[in-house]
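Architecture at a glance
Next come the chains, spelled out residue by residue.
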Amino acid sequence: MHTDLSPVIAATAQWLLRAYPASGGALADALCEAQARQAVTVAARLRYPTPMDVALLGVAGPGGSARLDWITGADGATSADPDAEAWRTWVDEVLASWAACLLTDPALAGPAVGALAKGGPSAGTPVEFRRLLAPDEADRRAAALLRHPDLVAPVASLHHAQLVARLDPGQALVA
């Protein structure tokens, strides 16, 4: 993974966790965070596959969470301390949307991780993304809100078509 993506992955996963929190204590928080990070990591590697893509992200910036906050109704809930909310500028809307798609649709998660495996030895393996691909009962309970298709639909639908096109570029030519 390109280390330059770490702040974007961390901020986007943090946004997902705040928008769709775990329930059940510290273990549930950790399990939910692991799933969110895995989904955002897969999304980031798909969206920014080359060092040039990562460099362009560094120049243009990820965009921030303003639109996502508005869509989920969290746009008015900001901290009185602006520095406490600075991480929100590192949130990438497309990554949040793609991660939501991957968390709620196993038919997309498998091919997404498979596409990474084709990318070379540093791309990642399905074992690395076990909690995303094959969540156990504890994972599902911990991330009940994060994996609920109806709850995350407003976020997932934002860039769903782009994810599908990225995973199956030939499909667009058939339609």
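Located above this text is the structure these notes cover.
Residues numbered from 1 in each chain as written. Predicted model: local features only at pLDDT ≥ 70, side-chain atom pairs only at ≥ 80, totals over all residues. Heavy atoms only, no water.

**Here we look at helix α5 (residues 93–104)**
Inclusion rule: Labels follow the DSSP assignment, with helices taken as runs of H or I lasting at least four residues and strands as runs of E lasting at least two, numbered in each case from the N terminus. Here a helix's expected span is defined as the number of its residues, less one, multiplied by 1.5 Å. Categorising residues by exposure relies on relative accessible area from a 1.4 Å probe, with only protein chains included: less than 20% of the type maximum marks a residue as buried, more than 50% marks it as exposed, and the intermediate range marks it as partly exposed. Under the rule applied, a polar contact is a pair of N or O atoms within 3.5 Å (in protein, one hydrogen donor and one hydrogen acceptor; residues adjacent in sequence only if both atoms are side-chain atoms).
Over its twelve residues, α5 extends 17 Å from the first C-alpha to the last, a length consistent with the 16 Å expected when each residue adds 1.5 Å. Of all twelve residues in α5, eleven are buried, a share of seventy percent or more. The complete set of buried residues in α5 reads Glu93, Val94, Leu95, Ala96, Ser97, Trp98, Ala99, Ala100, Cys101, Leu102 and Leu103. Between the side-chain oxygen at the start of α5 and the backbone nitrogen of valine 94 there is a gap of 2.9 Å, and the oxygen is on aspartate 92.

**What to know about the nonpolar core**
Where we set the bar: Grouping buried Ala, Val, Leu, Ile, Met, Phe, Trp, Tyr and Cys residues that are joined through side-chain atoms within 4.5 Å yields what is termed a nonpolar core.
Judged by nonpolar contacts, the single largest core of 49 residues is most densely connected at Trp15, Val42, Leu102, Leu132 and Leu146. For this core, the secondary-structure elements that each account for two or more residues are α1 (6–19), α2 (26–47), α3 (51–60), α5, α6 (106–117) and α9 (149–156).

**With respect to the packing of aromatic side chains**
Applicable threshold: The criterion for an aromatic pair is that two Phe, Tyr or Trp rings (for Trp, the six-membered ring) have centres within 6.5 Å, with stacked assigned to planes under 30 degrees apart, edge-to-face to planes over 60 apart and tilted to the rest. Remark: a charge is flagged as sitting over a ring if the NZ atom of Lys or the CZ atom of Arg is within 6 Å of the ring centre and within 35 degrees of the ring normal.
Under the definition given, this model contains one aromatic pair. Both rings, one in tryptophan 15 and one in tyrosine 20, keep their centres 6.4 Å apart while their planes meet at 80 degrees; by these two values the pair is edge-to-face. The burial state of tryptophan 15 is the same as that of tyrosine 20; both residues are buried. Here the basic side chain of arginine 47 rests over the ring of tryptophan 98, its NZ or CZ set 6.0 Å away from the ring centre.

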